[in-house]
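Listed here are the chains, written in short residue letters.
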Amino acid sequence: MEQRTECARCSRTVCERGKTELALPACPTARRPDVLKKGLSKSLRADLKEFACQAAIQQFDSSLRLPRGRIPRSTRIEETIQFAKKMHYKRLGLAFCSALRNESMLVDRILQRHGFEVVSVCCKVGGVSKDAIGVADEHKFGGTGSYEVMCNPVTQAEIMNDEGTEFNIVIGLCVGHDSLFLKHADAMSTVLIAKDKVLGHNPAAALRLSGSYYKELMQNQSNGTR
Ligand code: SF4
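Residues numbered from 1 in each chain as written. Predicted model: local features only at pLDDT ≥ 70, side-chain atom pairs only at ≥ 80, totals over all residues.

Colleague: Help me understand the pairing of strand 3 (residues 91-96) in this model?
Modeller: If a strand is regular, its side chains alternate between the two faces of the sheet. Extensive coverage of strand 3 is indicated by the burial of 5 of its 6 residues. Pairing between strand 3 and strand 4 (residues 117-122): 6 bridges, direction parallel. Looking across to strand 4, one finds that G93 is bridged to V119. A crossover connection joins strand 3 to the parallel strand 4 through helix 5 (residues 101-113); in handedness this β-α-β unit is right-handed. (Buried ≥ 20, exposed ≤ 12 C-beta atoms within 10 Å, placed from the backbone. Helix = DSSP H or I, 4+ residues; strand = E, 2+ residues; numbered from the N terminus. Pairing = 2+ DSSP bridges. Right-handed = clockwise from strand over helix to strand, strands pointing away.)

Colleague: In this structure, what is going on with the packing of helix 6 (residues 153-162) against helix 7 (residues 177-184)? I would like to understand it.
Modeller: To describe two helices that pack against each other, one gives the angle between their axes and the distance between the axes. One way to put it is that helix 6 packs onto helix 7 with a least axis distance of 8 Å and a crossing angle of 30 degrees. Relative to helix 7, helix 6 is oriented roughly parallel. Crossing of helix 6 against helix 7: the hand is right-handed. Of helix 7, the residues touching helix 6 (which contributes P153, V154, Q156, A157 and E158) are H177, L180, F181 and H184. In terms of residue class, the contact of helix 6 with helix 7 is made up of 5 nonpolar, 3 polar and 1 charged. (Axes fitted to C-alpha atoms, helices over the stretch in contact; angles between N-to-C directions. Parallel < 35°, antiparallel > 145°, perpendicular 65-115°, else oblique. Left-handed = near helix turned anticlockwise from the far one by under 90°. Contact = placed C-beta atoms within 7 Å. Nonpolar A, V, L, I, M, F, W, Y, C, P; charged D, E, K, R; others polar.)

Colleague: Looking at this structure, I do not really get the nonpolar core. What am I missing?
Modeller: Within soluble globular proteins, side chains that are nonpolar generally end up buried alongside one another. Core analysis: the biggest nonpolar cluster contains 25 residues, and L94, A95, F96, I169, V170 and I171 have the highest contact counts within it. For this core, the secondary-structure elements that each account for two or more residues are helix 4 (76-86), strand 3, helix 5, helix 6, strand 5 (167-171) and strand 6 (188-193). Excluding residues that lie within four positions of it along the chain, I171 makes contacts with L94, F96, C97, L100, E103, S104, V107, L192 and I193. (Core = buried A, V, L, I, M, F, W, Y, C linked by C-beta atoms within 7 Å.)

Colleague: Got a minute to help me understand the site of the ligand in this structure?
Modeller: Residues in close proximity to the ligand include C7, C10, R12, T13, V14, C15, A23, L24, C27, P28 and T29, which together make up its full environment. Partitioning the shell around the ligand into residue classes produces 8 nonpolar, 2 polar and 1 charged. (Near = placed C-beta within 6 Å.)

Colleague: Would you mind going over helix 5 with me for this structure?
Modeller: An ideal rise of 1.5 Å per residue puts 18 Å on 13 residues; helix 5 measures up with 18 Å between its terminal C-alpha atoms. Within the span of helix 5, buried status applies to S104, V107 and L111. Looking straight down helix 5, one finds its buried side chains confined to an arc of 60 degrees; they lie on one side. The outward face of helix 5, more than 90 degrees from its buried face, is lined by the exposed residues N102, R109, Q112 and R113. Structurally, helix 5 contributes buried residues whose contacts are with helix 4, strand 3, strand 4, strand 5 and strand 6. Positive phi appears at G115, one or two residues downstream of helix 5, with a value of about 90 degrees. (Expected span 1.5 Å × (residues − 1). Arc of directions from axis to C-beta.)

Colleague: What is the right way to read the packing of helix 3 (residues 46-61) against helix 4 from this model?
Modeller: Direction vectors running N to C along helix 3 and helix 4 enclose 140 degrees, while the axes themselves pass 10 Å from each other. Relative to helix 4, the element helix 3 is oriented oblique. Seen from above, helix 3 lies across helix 4 with right-handed handedness. Contact with helix 3, carried on its side by Q54, A55, I57, Q58 and D61, involves E79, Q82, F83 and K86 of helix 4 and no other residues of that element. In terms of residue class, the contact of helix 3 with helix 4 is made up of 3 nonpolar, 3 polar and 3 charged.

Put into structure tokens, the structure is as follows:
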């Protein structure tokens, strides 16, 4: 394997300017023509090209261009609605965490007022015990002998698939549960709310405070277990 790709360590961003002479050794724009070709040819496939094009138009539409520069215009929920309309979707899926039921009820109401049919599925669907996936009592909130219902993201996805959703919206699924849902949903999905129990579902705040309140994040803990 060649040198691994490290865009997150790059400050040259020659990819954004279409110039590769100044590229770093780990730059995929300069060094990985085979993979670039493969990725682009996938993006140009009939089932992806229109989606990619409308996403780019949505990106453009979400800012206002003023003489003083670009300013943001649309919130994430507005962008989600605008994009779904651009794609002419009629039936949307809401895959939500039960802890965010209130937010999900609001999103459901908003989407219906914008003319969409909404299929909404709660993470606890099926009422299956955590025992089924081998969760030990010590990892249950209720402790020994408690009956605790597992989050069931694969089934959430299967219900969306069965009911023919055209585009799914994820609301607050936990880390890992979101991965399972995204992997198993047939339709494209977007994340409206990324769960962060401490930061009011704003995970970027911890990064923005990693020089102060969350500086422990930056300490070397490669030998630790957490
Ligand atoms: S593609 Fe190349 S230039 Fe662009 S961010 Fe990655 S390493 Fe930097």
